[in-house]
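Architecture at a glance
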Amino acid sequence: IGPFTWIGSQLLEKIRILDRCYFPFPWEEKSWGSTSNGLYRHFLIYEGVENKHLIGFALFRIDPFGDSSHLLKCLIDEKHRSRGYGQFLVNKSMSYLQKDGVLEFFLEVQEQNKVAKRLYKRLGFRVDRRQVSYYKNGDDACFMTRHVCS
């Protein structure tokens, strides 16, 4: 795992495939294009040493004027879930970002996504607020924040 500010088109396509397969609201192609600027950090997790197989990713947007970061997307391939990869990925990602001065992390997650909410709570995130009908399909959102002691 390591921070990548830019990733090649082949790797980006693998990430987009995971996004389309598993996210309820996958991003459009134009949204992914903007992640190559310096404000975004991609964190990738692989299985295998020789024949690396991408099994997940986390995407953070860094606040250019402050010390916060927005976890935009985090996903582990369905075949590799419940093995601790998600917790490892987010923990390692936040550690890298803390070294760069990030002191606050925030995210939003679907209210009914109990597995993700439980993971984020284990990682020290706290619920700030809930918003009714936040998503396109009318689902509610749960906004969560984690503050880091400097």
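For the structure, see preceding data.
A word on the overall build of the protein chain
Secondary structure summary: the protein chain contains four helices and seven strands in total. Projected onto the principal axes, the alpha-carbon positions of the protein chain cover approximately 45 × 35 × 30 Å. Put simply, 57% of the contacts in the protein chain that link residues at least 6 apart link residues at least 24 apart. Working note: accessible area of the protein chain is about 8,700 Å², and carbon and sulfur atoms make up 49% of it.

Concerning unusual backbone geometry
Backbone phi values are negative for most residues with the exception of glycine, while trans is the configuration of most peptide bonds. With phi around 65°, serine 82 is a residue other than glycine that occupies positive phi space. Positive phi values are uncommon outside glycine, yet serine 133 reaches one of about 55°. Summarising the element assignment, serine 133 is placed in the loop between strand S6 (126-131) and strand S7 (141-147).

Considering the pairing of strand S3 (residues 53-62)
The buried count for S3 comes to eight of ten residues, which makes it a mostly enclosed element. Alignment of S3 against strand S4 (residues 68-76), held across seven bridges, turns out to be antiparallel. Looking across to S4, one finds that alanine 58 is bridged to cysteine 74.

Looking at the pairing of strand S5 (residues 104-110)
Relative to S5, S4 runs parallel, the two being bridged by three bridges. Bridged to serine 68 within S5 is glutamate 104. Between the parallel pair S4 and S5, the chain is carried across by helix H3 (residues 85-99), and the sense of this crossover is right-handed. Pairing analysis gives seven bridges linking S5 to S7, with the strands arranged antiparallel. Each bridged residue has a counterpart across the sheet, and for glutamate 108 the counterpart in S7 is phenylalanine 143.

Things to note about the packing of aromatic side chains
Centre-to-centre distance and the angle between the planes together describe a pair of aromatic rings. This structure, assessed with the given rule, holds seven aromatic pairs. Relative to phenylalanine 105, the ring of phenylalanine 60 lies with its centre 6.1 Å away and its plane at 75°, an arrangement referred to as edge-to-face. You can see phenylalanine 60 sitting in strand S3 and its partner phenylalanine 105 sitting in strand S5, a full 45 residues away along the chain. Here the two residues phenylalanine 60 and phenylalanine 105 agree in accessibility, since each one is buried. Taking the centre distance of 5.1 Å and the plane angle of 85° together, the rings of tyrosine 134 and phenylalanine 143 count as edge-to-face. We classify phenylalanine 143 as buried; its relative accessible area is 11%. One aromatic cluster is present, formed by Phe25, Tyr134, Tyr135 and Phe143 through successive ring pairs. A cation over an aromatic ring shows up here: arginine 81 above the ring of tyrosine 22, its NZ or CZ 5.2 Å from the ring centre. The ring of phenylalanine 143 carries arginine 129 above its face, with NZ or CZ at 3.9 Å from the centroid.

Considering the side chain of lysine 117
Mapping lysine 117 onto the fold places it in helix H4 (residues 114-122). Discounting residues that sit within four places of it in the chain, lysine 117 has contacts with Val109, Gln110, Glu111, Arg130, Cys142 and Met144.

A word on the pattern of salt bridges
Under the definition given, this model contains eight salt bridges. Note that arginine 16 and glutamate 29 form a salt bridge whose closest N and O atoms lie 3.8 Å from each other. Taken together, the residues arginine 16 in helix H1 (residues 9-22) and glutamate 29 in helix H2 (residues 29-33) connect sequence positions 13 residues apart. The class for glutamate 29 is exposed, based on a relative accessible area of 56%. Of the charged contacts in the structure, one is a salt bridge between lysine 30 and glutamate 28, with a shortest N-O distance of 3.9 Å. Salt bridges here are not isolated pairs; linked through shared partners, they connect Glu13, Arg16, Arg20 and Glu29.

Calculation notes
Residues numbered from 1 in each chain as written. Predicted model: local features only at pLDDT ≥ 70, side-chain atom pairs only at ≥ 80, totals over all residues. Heavy atoms only, no water. Helix = DSSP H or I, 4+ residues; strand = E, 2+ residues; numbered from the N terminus. Contact = heavy atoms within 4.5 Å. Areas by Shrake-Rupley, 256 points an atom, 1.4 Å probe, with all protein chains shown as cover. Buried < 20%, exposed > 50% of the residue type's maximum accessible area, 1.4 Å probe, protein only. Pairing = 2+ DSSP bridges. Right-handed = clockwise from strand over helix to strand, strands pointing away. Phe/Tyr/Trp six-rings, centres within 6.5 Å; stacked < 30°, edge-to-face > 60°. Lys NZ or Arg CZ within 6 Å of the ring centre and 35° of its normal. Salt bridge = Lys/Arg side-chain N within 4 Å of Asp/Glu carboxyl O.

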